[in-house]
Amino acid sequence: MILQETYPLNNGVKIPKVGFGTWMIDDENVVQAVKDALALGYRHIDTAQAYENERGVGEAIRTAGIDRSELFVTTKVAAEHKTYEAAAQSIDESLEKLGLDTIDLMIIHAPQPWAEFREANYDAGNVEAWRALEDAYQAGKIRAIGLSNFNQHDVENILAHATIKPAVNQVLAHISNTPFDLIDYCQQQNLLIEAYSPVGHGELLKNAELKKMAEKYHVSVPQLAIRYCLALGLLPLPKSANKAHIKANSELDFELTAEDLEQLKKFKPIADYGDSSQFPVYNKK
Ligand SMILES: NC(=O)c1ccc[n+]([C@@H]2O[C@H](COP(=O)([O-])OP(=O)(O)OC[C@H]3O[C@@H](n4cnc5c(N)ncnc54)[C@H](OP(=O)(O)O)[C@@H]3O)[C@@H](O)[C@H]2O)c1
């Protein structure tokens, strides 16, 4: 079962190959969603300070009746924290909200505050936030540290100043929108790429060509899309608040043919992300 498989991070920590995304599940409803996911065998949960549901994620983790050492919890330093003090304080707040002694992976949510995403230079601020993560790592508060939404320049900036190398870069990656150059660069640097919005934030479900290919494997489009990420060596983070979907997204007992994988790699881009285009991560910045 894929949910029991792990990737090794560059510091030796093992990370479950499929994570459960929790963006847009509120603090109350996330408790049941995470409990459902854990009962179905998921062992890796992805949250963030910005999702305002760390308390609920922590409650589900603490009350699931599963040994903490079997669970992997990721959270993110908010994109707006670009000083050492702000980032360090937020790490302690995350630990408190989650109600946990350690966070398995903590990453910088984005290289710029969202209001200035891809527009301003926060190289110095990112090094400051990184230093706060390094200190929390050294203090045993976090087991692995990493990045999110960092382009090659942003990663190079961290590598030039880091004493601890980032373990991951969590980026937008799904069929039709896969940043192959960034993936190659990060993989060469021994950073694992986590694929967020692996189902295109739901947009891939609308595509007839993908539906046809999925039928060939007797799977759904989300299953095809999640398998695509794994075939590229990425770690997909599907989100669902629906128990049947959560279950289906973990049933990945099929392999794509090399031909289909090539076709999916060249898939034409999604024109836009509908109502979700308001979010900086989807409006092609
Ligand atoms: N680092 C970042 O900046 C960043 C940005 C975006 C996302 N993320 C992370 O990545 C996670 C996933 O991304 P995402 O939430 O944007 O989108 P996603 O996982 O690509 O897609 C989620 C959407 O697809 C639907 N869906 C999922 N599985 C389905 C299935 N089997 N059948 C039918 N519909 C299905 C969900 O609806 P239902 O809930 O109704 O099933 C939801 O509308 C997030 O939750 C978050 O943890 C990180």
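Residues numbered from 1 in each chain as written. Predicted model: local features only at pLDDT ≥ 70, side-chain atom pairs only at ≥ 80, totals over all residues. Heavy atoms only, no water.

Draft legend 1. Quick look at the site of the ligand. Close contacts around the ligand come from 29 residues, with Asp46, Val199, His201, Ser240 and His245 the closest. Here an oxygen atom of the ligand sits 3.3 Å away from a polar atom, N or O, in the main chain of glycine 200. In the environment of the ligand, an oxygen atom lies 2.5 Å from a nitrogen or oxygen atom belonging to the side chain of serine 240. Here the ligand, which alone exposes 890 Å², has 87% of that area covered by the protein. Taken together, the residues of the shell around the ligand sort by class into twelve nonpolar, 14 polar and three charged. (Near = heavy atom within 4 Å. Polar contact = N/O pair within 3.5 Å; in protein donor to acceptor, adjacent residues only side chain to side chain. Areas by Shrake-Rupley, 256 points an atom, 1.4 Å probe, with all protein chains shown as cover. Nonpolar A, V, L, I, M, F, W, Y, C, P; charged D, E, K, R; others polar.)

Draft legend 2. Seen up close, the packing of helix α2 (residues 54-63) against helix α3 (residues 84-98). One way to put it is that α2 packs onto α3 with a least axis distance of 7 Å and a crossing angle of 50°. Overall, the two elements α2 and α3 adopt an arrangement that is oblique. Side by side, α2 and α3 meet where Glu54, Arg55, Val57, Gly58 and Arg62 of the first sit next to Ser94, Lys97 and Leu98 of the second. Residue composition of the contact of α2 with α3, by class: two nonpolar, two polar and four charged. (Axes fitted to C-alpha atoms, helices over the stretch in contact; angles between N-to-C directions. Helix = DSSP H or I, 4+ residues; strand = E, 2+ residues; numbered from the N terminus. Parallel < 35°, antiparallel > 145°, perpendicular 65-115°, else oblique. Contact = heavy atoms within 4.5 Å.)

Draft legend 3. Representation of the sheet that holds strand β5 (residues 72-77) in the model. A sheet is described by the order of its strands in space; here eight strands give the open sequence β3-β4-β5-β6-β7-β8-β9-β10, paired in parallel fashion. Two strands lie at the open edges of the sheet, namely β3 (20-21) and β10 (235-236), each paired on one side alone. The sheet contact formed by strand β6 (residues 105-108) and strand β7 (residues 145-148) spans three bridges and is parallel. Bridge pairing in β7 links isoleucine 107 to glycine 146. Its contacts with the sheet put α3 on β5 and β6, and the angle it makes with β5 is roughly 145°. (Pairing = 2+ DSSP bridges.)

Draft legend 4. Here's a closer look at the environment of isoleucine 91. Topologically, isoleucine 91 is positioned in helix α3. On the basis of relative accessibility, which here comes to 1%, the residue isoleucine 91 falls in the buried class. The contacts of isoleucine 91, once residues within four sequence positions are left out, are Gln49, Val77, Ile103, Met106, Ala132, Leu133, Ala136 and Ile142. (Buried < 20%, exposed > 50% of the residue type's maximum accessible area, 1.4 Å probe, protein only.)

Draft legend 5. Seen up close, the packing of aromatic side chains. This structure, assessed with the given rule, holds seven aromatic pairs. A centroid spacing of 6.4 Å and a plane angle of 25° characterise the contact between tryptophan 23 and tyrosine 51, whose relative ring orientation is stacked. Of this pair, tryptophan 23 sits in the loop between β3 and α1 (29-39) while tyrosine 51 sits in the loop between β4 (44-46) and α2, and the two are 28 residues apart along the sequence. Its relative accessible area of 16% is what places tyrosine 51 among the buried residues. Pairwise contacts between aromatic rings join Trp23, Tyr51, Tyr273, Phe279 and Tyr282 into one cluster. For lysine 17, the ring lying beneath its charged end belongs to tyrosine 7, and the centroid distance is 5.0 Å. The side chain of arginine 227 reaches across the aromatic face of phenylalanine 254, ending 5.9 Å from its centre. (Phe/Tyr/Trp six-rings, centres within 6.5 Å; stacked < 30°, edge-to-face > 60°. Lys NZ or Arg CZ within 6 Å of the ring centre and 35° of its normal.)

Draft legend 6. A look at the environment of leucine 191. One can find leucine 191 in the loop between α6 (180-188) and β9 (192-196). Overall, the relative accessible area of 3% leaves leucine 191 in the buried class. Each C-alpha atom, one on leucine 191 and one on leucine 147, is 9.5 Å from the other, the two residues being 44 residues apart in sequence. Those residues in contact with leucine 191 that sit more than four places away from it in its chain are Val155, Lys165, Pro166, Ala167, Val168, Asn169 and Cys186.

Draft legend 7. A look at α3. Between its first and last C-alpha, α3 extends 21 Å over 15 residues, near the 21 Å set by a 1.5 Å rise per residue. At its buried positions, α3 is contacted by α2, β5, β6 and α4 (123-138). After α3 finishes, the residue glycine 99 shows a positive phi value of roughly 70°. (Expected span 1.5 Å × (residues − 1).)

Draft legend 8. The arrangement of the pattern of salt bridges in detail. In total, this model carries 14 salt bridges according to the counting rule given. With its nearest N and O atoms 3.3 Å apart, the salt bridge here joins lysine 17 to glutamate 5. Linking lysine 17 in the loop between β2 (14-16) and β3 with glutamate 5 in the segment before β1 (6-8), this pair joins segments that are twelve residues apart in sequence. Through salt bridges that share partners, Asp27, Arg55 and Glu59 make up one connected network. (Salt bridge = Lys/Arg side-chain N within 4 Å of Asp/Glu carboxyl O.)

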